[in-house]
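These are the residues of each chain, in order.
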Amino acid sequence: MTLNNTHADWWKQAVVYQVYPRSFKDVNGDGLGDIAGVTDRIPYLKELGVDAIWLSPFYPSELADGGYDVIDYRDVDPRLGTMDDFDAMAAAAHEAGMKVIVDIVPNHTSDGHVWFQEALAAEPGSPARDRYIFRDGLGEHGELPPNDWQSIFGGGAWERVPDGQWYLHMFAKEQPDLNWKNPEVHEEFKRTLRFWSDHGADGFRIDVAHGLAKDLDSAPLTELALRGNPLEGLCHDGTNPLWDRPEVHDIYREWREVFNEYDPPRFAVGEAWVVPEHQHLYASEEELGQVFNFEFAKADWFAEDFRTAIREGLESAEESGSTTTWVMSNHDVVRHASRYGLPQVKTQWYHQLADAWLLRSGSNFIEDRTLGTRRARAAIMMELGLPGSVYVYQGEELGLFEVADIPWDRLEDPTPFRTDHGRTAKGRDGCRVPLPWSAADTPTPAPWDAKFGTGASFGFSPATRPDGTPAADPHLPQPLWYKDFAADVEDSDPDSMLNLYRRAIAFRQRMLTPTGDTSIRWIGDSEFGDKAGQVVAYSRVSTDEGGDRFASITNFGPDPLELPAGEIVFASGPLDGVRLPADTTVWMMV
């Protein structure tokens with residue numbers, strides 16, 4: 001067990017590894033990753049040095065949204081395993097000294113959930129329909145939706161049912177939104193939190209944490225549509241009828257009572273895309289405990305963007321009495337090794353250029369992978385040196401890039417199917433392609449596109465199924481360039497991204513986390529003069545017996561940077577004597 005995990009508040013300084021189960025490891029050869037696959041790779045995760053694993057949804061699902069359309073919150077999708085498999089995985093993780101975090105999806109269910117099926121069979125105004133958000137339509141015969149809200153995944157946010165009423169779905173139509181004004185909904189999720197806690201979950205990640213409470217009754221829906229819509233998430237004053245409502249915090253105060261029933265208390269981290277000044281509300285000790293600092297994930301490769309994200313994250317954490325989180329990639333965004341290798345320009349919306357590049361299947365901007373890798377190496381060292389929790393998305397430790405050129409007819413994400421392939425988005429499949437574990441298990445070029453493989457799967461699946469028949473191809477196609485990024489290749493290369501992650505995490509565990517100190521001291525003008533604006537540099541208390549402070553220095557500028565006096569620990573790339581090259585991070589004792 002890591003020293004960090006011996007503490008009841010382990011999550012405040014944890015390195016957490018996000019597992020997207022369907023794309024992590026497949027042990028039965030059906031082309032889908034499974035819970036037993038996670039168990040199979042526990043030794044890999046232990047060697048990586050992480051404190052916890054977070055599993056994205058593995059529940060029974062129709063996969064309208066990658067498992068975030070949940071049919072049953074207290075079971076495992078049969079395609080991914082059984083409850084016994086989950087219990088074995090949790091036991092293996094705990095035996096290896098790692099904690100387990102389970103994804104909870106409380107904003108909506110699947111339309112295959114028993115509650116929604118009961119709602120469809122019931123009459124308007126019935127208790128079954130009150131668990132969801134049903135409304136009468138507009139027009140002479142109710143043939144028009146209650147207002148013009150648009151779904152985040154494209155198309156209208158209201159879907160009509162056979163008896164003429166409409167239900168709200170802020171995401172896919174297969175994901176009807178729950179009515180959190182209904183007491184039954186509250187009790188159902190408290191039962192779910194207890195269920196997974198009793199099965200070994202140490203914490204929870206809360207999907208769409210800022211969206212549960214909604215104001216749909218204070219004014220006509222057509223008027224509420226003028227105050228906000230599903231596509232406008234950020235709100236400073238609490239007036240948006242759908243997002244970041246003040247009432248949402250009543251829900252999380254209820255959940256805190258459930259968390260505190262356990263010893264040590266469970267915690268949760270909220271996926272709350274809210275303005276920085278509201279993050280502390282979700283992360284308070286009376287509510288979830290922690291919230292994702294997405295300002296860090298939004299940042300392009302500009303020193304001022306990262307300085308702002310770090311400063312705001314630390315300020316919010318101090319206000320909440322918790323710690324902040326640092327995350328560069330997850331299952332919803334273009335992988336950061338690709339983002340950092342694209343042209344860096346200021347845009348109106350975060351990742352706007354990366355999303356435009358993805359929409360054109362990587363054909364409209366040059367992806368400089370050498371540059372992206374150098375920056376990704378610098379970024380993880382800058383990130384791992386910070387106080388708080390670091391969330392690592394599966395495959396980033398291998399330096400994987402976004403698979404931007406998946407053919408449109410092989411995509412799974414709902415977003416592309418609600419676009420005309422030119423105006424909205426290609427979706428999130430490019431960061432969800434199954435992982436490469438073994439270079440020796442290289443696929444052959446696919447007849448439908450020779451850039452992708454068919455047959456073998458870089459060790460993602462076994463060669464055959466239990467019945468001896470050949471394994472199915474992975475559920476998303478793997479590019480042939482994956483061979484150079486297979487885990488076994490990187491394991492044997494001391495300079496690989498994988499071994500950089502291992503080395504940096506081990507240093508963090510040994511020298512930084514044990515101090516319990518979550519403050520930093522900025523290093524700036526006095527050390528770097530007129531180049532200070534091109535640098536992100538900070539120092540922290542360390543366990544160094546000589547009393548030295550740890551320092552992390554990242555050079556975002558074009559020219560080498562003179563380093564201050566001190567002992568160099570290691571760097572993300574080669575140094576120029578005692579100068580720090582562009583797009584490189586160095587750790588020092590000063």
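Structure: see above.
Residues numbered from 1 in each chain as written. Predicted model: local features only at pLDDT ≥ 70, side-chain atom pairs only at ≥ 80, totals over all residues. Heavy atoms only, no water.

### Overview of the side chain of His108
Next, step 1: Considering the arrangement of structural elements, one finds His108 in the loop between strand S3 (99-104) and helix H4 (114-121).
Next, step 2: Residue His108 is classed as buried on the basis of its relative accessible area of 1%.
Next, step 3: A polar contact is formed between the side chain of His108 and the backbone oxygen of Tyr68, at a distance of 3.2 Å.
Next, step 4: The contact partners of His108, leaving out residues within four places of it in the chain, are Tyr68, Tyr73, Phe171, Gln175, Pro176, Asp177, Leu178, Asp207 and Val208. (Helix = DSSP H or I, 4+ residues; strand = E, 2+ residues; numbered from the N terminus. Buried < 20%, exposed > 50% of the residue type's maximum accessible area, 1.4 Å probe, protein only. Polar contact = N/O pair within 3.5 Å; in protein donor to acceptor, adjacent residues only side chain to side chain. Contact = heavy atoms within 4.5 Å.)

### Let's talk about helix H3 (residues 83-95)
Residues that lie three or four places apart on an α-helix share one face, since the helix turns once every 3.6 residues.
Next, step 1: Here H3 spans 18 Å end to end across 13 residues, near enough to the 18 Å set by a 1.5 Å rise per residue.
Next, step 2: Considered for burial, the residues of H3 that qualify are Met83, Phe86, Met89, Ala90 and Ala93. The buried residues of H3 all sit within an arc of 120° when viewed along its axis, so they share a single face. Residues Asp84 and Glu95 are exposed on H3 and point more than 90 degrees away from its buried face.
Next, step 3: Packed against the buried residues of H3 are helix H1 (35-40), helix H2 (42-48), strand S2 (52-55), S3 and helix H5 (183-198).
Next, step 4: The N-cap residue of H3 is Thr82: its side-chain oxygen and the backbone nitrogen of Asp84 are 3.3 Å apart.
Next, step 5: Looking one or two residues beyond H3, the residue adopting positive phi is Gly97, at roughly 85°. (Expected span 1.5 Å × (residues − 1). Arc of directions from axis to C-beta.)

### What to know about the pattern of salt bridges
A side chain with one charge can pair with a side chain of the opposite charge if their charged atoms come near.
Next, step 1: Scanning all chains against the criterion turns up 36 salt bridges.
Next, step 2: Here Glu188 ties to Arg191 by a salt bridge, and the two come within 2.8 Å at their closest N and O atoms. Here the residue Glu188 and the residue Arg191 both occupy positions in helix H5, the gap between them amounting to three residues, near one helical turn.
Next, step 3: Salt bridges sharing common partners tie together Asp65, Asp332, Asp413, Arg428 and Arg432. (Salt bridge = Lys/Arg side-chain N within 4 Å of Asp/Glu carboxyl O.)

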